[in-house]
Amino acid sequence: MIRSFAALLLISLLCTCGPSPEKAPETDAAAAAEPQQGGVEYASIELSRLEYLYANATYMDATFYNLPVSINQSSIDQIRSTLSGIGVAPATIYPTCAPFGHIWFQVNGKNIEEADIYFQGDCVAYVWYENGKPAYANKMTPEGAGFYQNIINSVTQQTGGGN
C-alpha cells in the first residue's frame, strides 16, 4: 500500500514537470500577466510523512476563506484521493499569493499534518506547517487543482453566480 503511494507520488512528479494545461484558465492568465519575483522557496514535506497519512489518516477537514463551504472526509479512499493531489515537487510562494484555505489530516482524532491551500496564479500548492509555522511546500498535481476547481464550480452553480 505504501509502495503504491510512493509510486503515485513519483508518477505525479513526472506529470508536474511540464506546463499544466488542466490548470484553471484564470490562474494561467494571472500568472502570464505579471511575472512573480521574491517568493519564499520551501522544500517538499518528507515523503515518509505523506506515506504515514496515506496508510493511517482517519479524517481530513478543509476550510475555505472565501467560499461558504468546508469539506471533510472520513473514508480512507476519499482521504487518499485528496493526498494524491499533492505533488512531490517543492513550491515557491510569492508575495502576491494568499491562502485559499486550510487543511488538516487526523489519525484517530489527533491532528497530524496541516497546511495552507494556495490556489491562484503561480501559487497552486500546499504549504505545510511544523511547530505552528510554515515549513514545507508541495505543488499540487493537475488532479489536485481540478479537485479545488470542482469545489469552486459547484459553489458557483449552487449560489447562482460568480465572484
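One can find the structure itself at the top, above this paragraph.
Anyway, here's the lowdown on the structure attached to this text.

1. Examining the overall build of the protein chain
Thought 1: The helix and strand tally for the protein chain stands at 5 helices and 9 strands.
Thought 2: Going from the N terminus to the C terminus, the protein chain shows its helices and strands as α-α-β-α-β-β-α-β-β-β-β-β-β-α.
Thought 3: A burial count over the protein chain gives 41% of its 163 residues as buried.
Thought 4: Accessible area for the protein chain stands at about 8800 Å²; split by element, carbon and sulfur atoms hold 52% of it.

2. Remarks on the packing of helix α3 (residues 47–56) against helix α4 (residues 76–83)
Thought 1: At a minimum axis distance of 9 Å, the contact between α3 and α4 shows a crossing angle of 155°. Our classification of the angle between α3 and α4 gives roughly antiparallel. Within the contact between the two elements, α3 uses Leu53, Tyr54 and Ala55 and α4 uses Ile76, Arg80 and Leu83.

3. A look at α4
Thought 1: Along α4, the residues classified as buried are Ile79, Arg80, Thr82 and Leu83. Looking straight down α4, one finds its buried side chains confined to an arc of 160°; they lie on one side.

4. A word on the sheet that holds strand β3 (residues 70–73)
Thought 1: If you walk across this open sheet you meet the 7 strands as β3-β2-β6-β7-β8-β9-β4, and the pairing is antiparallel. One side of each edge strand has no neighbouring strand; the edge strands of this open sheet are β3 and β4 (86–90). The sheet shows a mean angle of 30° between the axes of neighbouring strands, direction not considered.
Thought 2: Relative to strand β7 (residues 110–120), strand β6 (residues 101–107) is paired through 7 bridges, and the arrangement is antiparallel. Pairing of Trp104 across the sheet is with Glu114, part of β7.

5. What to know about the environment of Trp128
Thought 1: Tracing the backbone through its elements, the reader meets Trp128 in strand β8 (residues 123–130).
Thought 2: Judged by its relative accessible area of 0%, Trp128 falls in the buried class.
Thought 3: Separated by 84 residues in the primary sequence, Trp128 and Ser44 place their C-alpha atoms 8.8 Å from one another.

6. A word on the nonpolar core
Thought 1: If you look at the biggest cluster of nonpolar residues, it comprises 28 residues, and the most contacted ones within it are Phe64, Ile103, Ile117, Tyr126, Trp128 and Tyr148.
Thought 2: Contributions of two or more residues to this core are made by α3, β2 (59–64), α4, β6, β7, β8, β9 (133–140) and α5 (142–159).
Thought 3: If one sorts the elements of this core by residue count, α5 sits on top with 4 residues.
Thought 4: Ignoring any residue separated from it by four or fewer positions in sequence, one finds Tyr148 in contact with Phe64, Phe100, Ile103, Ile117, Phe119, Tyr126 and Met140.

Quick notes on the rules
Residues numbered from 1 in each chain as written. Predicted model: local features only at pLDDT ≥ 70, side-chain atom pairs only at ≥ 80, totals over all residues. Heavy atoms only, no water. Helix = DSSP H or I, 4+ residues; strand = E, 2+ residues; numbered from the N terminus. Buried < 20%, exposed > 50% of the residue type's maximum accessible area, 1.4 Å probe, protein only. Areas by Shrake-Rupley, 256 points an atom, 1.4 Å probe, with all protein chains shown as cover. Axes fitted to C-alpha atoms, helices over the stretch in contact; angles between N-to-C directions. Parallel < 35°, antiparallel > 145°, perpendicular 65-115°, else oblique. Contact = heavy atoms within 4.5 Å. Arc of directions from axis to C-beta. Pairing = 2+ DSSP bridges. Core = buried A, V, L, I, M, F, W, Y, C linked by side-chain atoms within 4.5 Å.

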